[in-house]
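# Remarks on the overall topology
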Amino acid sequence: MHFSPMHCRIITGGRGCGKTHYLLSLIEKGEKARGFLSLHEGDSYYLRNIETGEKKLLMTTSELFAGRIGRYYYDEKLFREACSSLSSIDNGSVFIDEIGRLELSGGGFDKGLRSLLGKNVSLTLAVRRDFLSSVIASYNLGNAEIISVEAPDGA
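About the thresholds
- Residues numbered from 1 in each chain as written.
- Predicted model: local features only at pLDDT ≥ 70, side-chain atom pairs only at ≥ 80, totals over all residues.
- Heavy atoms only, no water.
- Core = buried A, V, L, I, M, F, W, Y, C linked by side-chain atoms within 4.5 Å.
- Buried < 20%, exposed > 50% of the residue type's maximum accessible area, 1.4 Å probe, protein only.
- Helix = DSSP H or I, 4+ residues; strand = E, 2+ residues; numbered from the N terminus.
- Pairing = 2+ DSSP bridges.
- Axes fitted to C-alpha atoms, helices over the stretch in contact; angles between N-to-C directions.
- Contact = heavy atoms within 4.5 Å.
- Lys, Arg positive; Asp, Glu negative; His and termini not counted.
- Salt bridge = Lys/Arg side-chain N within 4 Å of Asp/Glu carboxyl O.
- Polar contact = N/O pair within 3.5 Å; in protein donor to acceptor, adjacent residues only side chain to side chain.
- Phe/Tyr/Trp six-rings, centres within 6.5 Å; stacked < 30°, edge-to-face > 60°.
- Lys NZ or Arg CZ within 6 Å of the ring centre and 35° of its normal.
- pLDDT = per-residue confidence, 0-100.

## Considerations on the nonpolar core
Ranked by size, the top nonpolar core spans 32 residues in total, and within it Ile 96, Ile 99, Phe 109 and Leu 141 carry the most contacts. Residue assignment for this core shows that the elements contributing at least two residues are strand E1 (7-13), strand E4 (55-60), strand E6 (72-74), helix H2 (76-87), strand E7 (91-99), helix H4 (110-116), strand E8 (120-128) and helix H5 (132-138). Counting 12 residues, the second-largest nonpolar core is a separate cluster that includes Ile 11, Cys 17, Leu 23 and Ile 147.

Structural data, given as structure tokens:
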């Protein structure tokens, strides 16, 4: 059984609405956090370690990796490294961008997120609206603060 973290907030909205931008704005405003951001560039996503600034290719539409979800091929090794890093965190603020279909099937950030549940951390998760109720149920996050982000006008 997992216990809810000290505090959890979920940034949610549709695809491309600005969830990652919202997380970046929190960091720019001085919020100290560890964890990972998924940065979309062209047909690829890059994983950025918030603490170190290191950025690595995570997903692409090119067949560079064995893992696949939808039209994207993803680097399973990089996800394992990220989960290992998340598992080593015992306190403070942690951002994970994003939790969705891959995690709900036991992949991606799943093991890292599960390792944080019940620890003295403040979690901030980006979750696409389509997966919000499933993520809340799967990770027992019923007490999470939900922040909806909408695409800017004209987007």
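What follows continues from the structure just given.
## As for the sheet that holds strand E3 (residues 44-49)
In spatial order, the strands read E5-E6-E4-E3-E2-E7-E8-E1-E9; together these nine strands make up an open sheet with mixed pairing. At either margin of the open sheet sits one strand with a lone partner, and together these are strand E5 (67-69) and strand E9 (145-148). Adjacent strand axes in the sheet meet at a mean angle of 25°, parallel and antiparallel pairs treated alike. Relative to E4, H2 is tilted by about 130°, and along the sheet it contacts strand E2 (34-41), E3, E4, E5, E6 and E7.

## Quick look at the side chain of Asp 75
Here Asp 75 shows up in the loop between E6 and H2. It turns out Asp 75 is buried and unbridged, and the closest side chain with the opposite charge, Arg 80, is 6.5 Å from it. Engagement of the side chain of Asp 75 in a polar contact is seen with the backbone nitrogen of Lys 77, the distance being 3.1 Å. Within polar-contact distance, the side chain of Asp 75 engages the backbone nitrogen of Leu 78 at 3.1 Å.

## Some details on the packing of aromatic side chains
Applying the stated rule across the entire model yields four aromatic pairs. Their ring planes at 25° and their centres at 6.2 Å tell us that Phe 36 and Phe 109 sit as a pair that is stacked. With Phe 36 in strand E2 and Phe 109 in the loop between helix H3 (101-104) and H4, the pair connects residues that are 73 residues apart, well separated along the chain. A residue is classified by how much of its surface remains accessible, and Phe 36, at 6% relative accessible area, is buried. Ring pairs connect the aromatic residues Phe 36, Tyr 74, Phe 79 and Phe 109, which therefore count as one cluster. Positioned above the aromatic ring of Tyr 46 is the side chain of Lys 55, whose terminal nitrogen or guanidinium carbon lies 5.1 Å from the ring centre.

## Points about the pairing of E4
Here is the key point about a regular strand: its side chains alternate between the two faces of the sheet. As judged from the five bridges shared by E3 and E4, these two strands associate in the antiparallel manner. Note on E4: the bridge partner recorded for Leu 47 is Lys 56. Where E3 folds back on E4, the antiparallel hairpin that results is connected by five residues, among which Gly 53 adopts a positive phi of roughly 80°. Across two bridges, the pairing between E4 and E6 is antiparallel. Across the sheet, residue Met 59 finds its bridge partner in E6, namely Tyr 74.

## Some thoughts on the confidence of the model for the protein
Averaged over the protein, the pLDDT score is 92; the fraction of residues at 70 or greater is 93%. Across residues 1-5, where pLDDT falls below 50, the model places 14 contacts with residues more than four positions away in sequence or in other chains.

## Digging into unusual backbone geometry
Of the consecutive residues Asp 97 and Glu 98, the connecting peptide bond is found in the cis state with omega at 5°. Within the secondary structure, Glu 98 is located in strand E7. Even without glycine at this site, Asn 140 takes up a positive phi of about 55°. Its place among the elements puts Asn 140 in the loop between H5 and E9. Its relative accessible area of 43% is what places Asn 140 among the partly exposed residues.

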